[in-house]
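# Commentary on secondary and tertiary structure
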Amino acid sequence: MKAGRMLIRVMMVLLITGVLAVGFSQPAQCEKPKVEKWQPSSWLPSGISWDTIGYISEYVKRMSNGRLVMTPSAPGAIVPVAEQLNAVSMGVMKATFIWPGYFPGELPVAFMHGDCFAAPRTIAELRHLYESYEDGKIMKILREEYAKHGVYLVGNLYWTLDNLMISKVPIRGIEDIKGKKFRSSELIALQLAHLGAGTIWTPGDEIYTNLATGSVDAITFSHAADMVSMGFHEVTKYWIKFPTVVGPAADALIVNMNVWKALPDDLKAIVEAAVEVGTARNAFEAELAIAEAWKFVEKHGIEVIKWSEEDARKLASTAKIVVPKKYTDNPAFAEIFKVVERWAGEKGYW
């Protein structure tokens, strides 16, 4: 009898132990980490900045051990570029890299987010202005404004824009702008118009024809490497190396707010670090490509022009004059504008 009871007890212990083992240990052995998948896009289909998104994606996959997989999608493949902010807000896209200048109608601070009134001259200056100056006040305001649209601004992917002024006729200083006809865009076009130029906007793939046919005297566009790749040295004679119309720029990595909040802290840290790594790559690649492009155009007979510091300051300072009232009437934009004004005054740029 006792032996029977003992056997029953042993069997119960074994049964309970087995249940516990199956109930607790086994799933732990079979459980696989959740894989988060993003398909970030951009506004550019090629070039240094687009390649950097692929570089960032590989970095995130490697550092997260495959728990976060970013597969870059071509601009417009999921939604049109102009709808990317709303797409992330609604969760149609979990995350993407946007050029803020596409969205000032929905988000007034976006009018300055991409290049900040053309004031900073280098990536280091733009980053300091956004993230360090006055305790990073600008980034705090930007994050607050983006959050109102249901997205989290992870950070800025800084890149070298070095937007140049090149022409068929000599423009050796600010006084030579008056009366010239430019193909330009956004804030730069407003600055040029203020200085007496005529301005039109055409898509990038029409610029070569604009110059070749003489429908414009000059253009403002990207850096020297992009200018060369598009053949603009064939239809212009004068390139202004200093000042650049816009020096550095910033794309924004935005993530749907609910997706970001649900992300484990270690993955958040990896994504934040990836943006830093991407900025470094952008700077290195652009430095090499732009230096080679300047050598190339000088060999091909382009006259390289440098303005005086005084003319450079006058050109930059027009930005604070021509910003449309519809933006300065926005409280968040106005607050950022005041921060930039203090910074630019201290640097002697305005």
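Residues numbered from 1 in each chain as written. Predicted model: local features only at pLDDT ≥ 70, side-chain atom pairs only at ≥ 80, totals over all residues. Heavy atoms only, no water.

## Let's talk about the packing of aromatic side chains
For any pair of aromatic rings, the description consists of the separation of the ring centres together with the inter-plane angle of the planes. Taken as a whole and judged by the stated rule, the model has 17 aromatic pairs. Where W43 meets W99, the ring centres are 5.5 Å apart and the plane angle is 35°; that geometry is what we call tilted. Of the two residues, W43 is situated in the loop between β1 (36–38) and α2 (48–63) and W99 in the loop between β3 (95–98) and α4 (110–113); the sequence distance between them amounts to 56 residues. Looking at W99, the relative accessible area reads 9%, which means it is buried. Just above the ring of Y55 sits the side chain of R281; from NZ or CZ to the centre is 5.6 Å. (Phe/Tyr/Trp six-rings, centres within 6.5 Å; stacked < 30°, edge-to-face > 60°. Helix = DSSP H or I, 4+ residues; strand = E, 2+ residues; numbered from the N terminus. Buried < 20%, exposed > 50% of the residue type's maximum accessible area, 1.4 Å probe, protein only. Lys NZ or Arg CZ within 6 Å of the ring centre and 35° of its normal.)

## Structural notes on the pattern of salt bridges
With the rule as written, the count across this model stands at 14 salt bridges. For R127, the salt bridge is made with E131, and the minimal N-O distance between the two is 3.6 Å. Taken together, the residues R127 and E131, both in helix α5 (residues 123–131) and four residues apart, mark about one turn of the helix. A relative accessible area of 30% places R127 in the partly exposed class. For the salt bridge of K137 with E335, the shortest nitrogen-to-oxygen distance reads 3.3 Å. Residue K137 is found in helix α6 (residues 137–147), and its partner E335 is found in helix α15 (residues 331–347); the two are separated by 198 residues along the sequence. What you see here is one network of salt bridges that share partners, running through R127, E131 and E276. (Salt bridge = Lys/Arg side-chain N within 4 Å of Asp/Glu carboxyl O.)

## Concerning the pairing of strand β8 (residues 238–242)
The pairing of strand β4 (residues 151–167) with β8 spans three bridges and is classified as antiparallel. In the sheet register, M165 faces β8, and the bridge partner there is I240. (Pairing = 2+ DSSP bridges.)

## A word on the confidence of the model for the protein
The predicted model of the protein has a mean per-residue pLDDT of 90, with 91% of residues at 70 or higher. Under a pLDDT of 50 for its full length, residues 1–28 has, in the predicted model, three contacts with residues more than four places off or in other chains. (pLDDT = per-residue confidence, 0-100. Contact = heavy atoms within 4.5 Å.)

## Some words on the pairing of β4
Among the 17 residues in β4, 16 count as buried, and that is most of the element. The pairing of β4 with strand β9 (residues 246–256) spans ten bridges and is classified as antiparallel. From the neighbouring strand, G155 faces β9, where its bridge partner is L253. Pairing geometry for β4 and strand β7 (residues 218–221), over four bridges, is antiparallel. Along β7, the bridge assignment pairs M165 with T220.

## Points about the side chain of T160
Residue position: T160 is located in strand β4. The exposure class of T160 is buried, given its relative accessible area of 19%. Residues contacting T160, with those up to four places away along its chain left out, are I123, H223, G247, A286 and I290.

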